[in-house]
Amino acid sequence: MRNSTMFKYLKNIFVLIFICFAIWMLFFDANSLIIHSELNSEISDLEDQKVYYGNEIIKDKKAIKQLSTDEGIEKMAREKYYMKKENEDIYIIEYEDSLKLETQDD
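Thresholds applied
- Residues numbered from 1 in each chain as written.
- Predicted model: local features only at pLDDT ≥ 70, side-chain atom pairs only at ≥ 80, totals over all residues.
- Heavy atoms only, no water.
- Helix = DSSP H or I, 4+ residues; strand = E, 2+ residues; numbered from the N terminus.
- Buried < 20%, exposed > 50% of the residue type's maximum accessible area, 1.4 Å probe, protein only.
- Contact = heavy atoms within 4.5 Å.
- Salt bridge = Lys/Arg side-chain N within 4 Å of Asp/Glu carboxyl O.

Peer 1: Please explain the side chain of S32 as it appears in this structure.
Peer 2: Residue placement: S32 occurs in the loop between helix 2 (13–28) and helix 3 (33–67). On the basis of relative accessibility, which here comes to 2%, the residue S32 falls in the buried class.

Written out as structure tokens, the structure reads:
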């Protein structure tokens, strides 16, 4: 008896059209659920990138502010490019990791 009521509804043309329409909209249409989920994940990735680049902009603004002074320029030139003043000697000391020393001794 239960099956007969289900077949009764499935024989109705409007129900068949609605089922076909729902399947088409859910899976095959240009605005399907699959495409919406892909777009939502892309939006999430873009929002993460927005936060990352916002933090990079803040960091770059701090660096620009430091480089706007003569002391900041001198500090960067000495630390990054190993520049020196006249009559000045610079010694660069590099430390080896203790892990490298241990593996070489074995």
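Anyway, onward from the coordinates.
Peer 1: Please explain the side chain of D29 as it appears in this structure.
Peer 2: Tracing the sequence through the fold places D29 in the loop between helix 2 and helix 3. Those residues within four positions of D29 in sequence are excluded, and the remaining contacts are W24 and I35.

Peer 1: Just checking my understanding: could you explain the pattern of salt bridges for this structure?
Peer 2: Two side chains that carry opposite charge are able to pair once their charged atoms sit near each other. Scanning all chains against the criterion turns up three salt bridges. Across the pair K59 and E56 runs a salt bridge, and its minimum N-O distance is 3.4 Å. Of this pair, K59 and E56 both sit in helix 3, separated by three residues, roughly a single helical turn. Given a relative accessible area of 47%, K59 falls into the partly exposed group. Residue R78 is joined to E74 by a salt bridge in which the shortest nitrogen-to-oxygen separation is 3.2 Å. On the criterion of helical spacing, the pair formed by R78 and E74 is a turn pair, its members being four residues apart in helix 4 (residues 70–81). By sharing partners, the salt bridges in this structure join E74, R78 and K85 into a single network.

All quantities given are derived from atomic positions and should not be read as evidence of function.
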